Amino acid sequence: MEDLNKKTYDIRKVCFDIHNNLGPGLLESVYEAVLSYKLSQRGYNVKTQVLLPVIYEGIKIGMGFRLDLLIDDEIIIELKSVESLQRVHVKQLLTYLRLADVKLGLLINFNSDSLDRKNFVRLIN
């Protein structure tokens, strides 16, 4: 878990840098592209728009969902650019974590004045 904590800290620093340089109000896809680029530069294995199928009773039911970013196959990052994060956003990430069998997720809302606790949420499965 210590390794995940270090990665989370590093990702948070990159997000702060992006937020400070680009500011709030851009499309989610812009933040996704820049974050993917910056994390790849730091040596992370970054996958974007990862298909996450729904498996029910052992049967794959369609494509299901798309993860915004998957870092080193162990951290899901769900990006938002909304007025404020809602409970449904937290539930969405928790579902992704459970379905993908991943321990750690980050929910980040770039459309805010600051990336405080309300806009940068760390969730553990």
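Preceding this section is the structure that the text describes.
Residues numbered from 1 in each chain as written. Predicted model: local features only at pLDDT ≥ 70, side-chain atom pairs only at ≥ 80, totals over all residues. Heavy atoms only, no water.

J.: Is there a simple way to explain unusual backbone geometry in this structure?
T.: Only a minority of non-glycine residues have a phi that is not negative, and only a minority of peptide bonds are not trans. Here the phi dihedral of Q49 falls at roughly 50 degrees; this positive angle occurs in a residue that is not glycine. Structurally, the position occupied by Q49 is in strand β1 (residues 46-56). Phi is positive for D101, close to 55 degrees, though the residue is something other than glycine. In this structure, D101 sits in the loop between α3 (87-100) and β4 (104-109). The exposure class assigned to D101 is exposed, which follows from its relative accessible area of 67%. (Helix = DSSP H or I, 4+ residues; strand = E, 2+ residues; numbered from the N terminus. Buried < 20%, exposed > 50% of the residue type's maximum accessible area, 1.4 Å probe, protein only.)

J.: Please explain the sheet that holds strand β2 (residues 59-71) as it appears in this structure.
T.: In a beta sheet, neighbouring strands pair by backbone hydrogen bonds and run either parallel or antiparallel. In space, the five strands of this open sheet follow the order β1-β2-β3-β4-β5, with mixed pairing throughout. The strands lining the two open edges of the sheet, one partner per strand, are β1 and β5 (120-124). Taking the axes of each pair of neighbouring strands and ignoring which way they run, one obtains an average angle of 35 degrees across the sheet. When β4 meets β5, the two strands line up antiparallel, connected through five bridges. Looking at β5, one finds that G105 is bridged to L123. Against the sheet, helix α1 (residues 2-22) touches β2, β3 (75-80), β4 and β5, its axis set at about 15 degrees to β4. Against the sheet, α3 touches β1, β2, β3, β4 and β5, its axis set at about 155 degrees to β3. (Pairing = 2+ DSSP bridges. Axes fitted to C-alpha atoms, helices over the stretch in contact; angles between N-to-C directions. Contact = heavy atoms within 4.5 Å.)

J.: Which parts of the structure should I look at to understand the packing of α1 against helix α2 (residues 28-41)?
T.: Each pair of packed helices can be described by the angle between their axes along with the distance between the axes. Between α1 and α2, the shortest axis-to-axis distance is 10 Å and the interhelical angle comes to 130 degrees. As judged from the angle between their axes, α1 and α2 are oblique. Here the hand of the crossing between α1 and α2 comes out right-handed. Counting all contacts with α1, which are made through I11, V14, C15, D17, I18 and L22, the residues of α2 involved are V30, Y31, V34, L35, K38 and L39. (Parallel < 35°, antiparallel > 145°, perpendicular 65-115°, else oblique. Left-handed = near helix turned anticlockwise from the far one by under 90°.)

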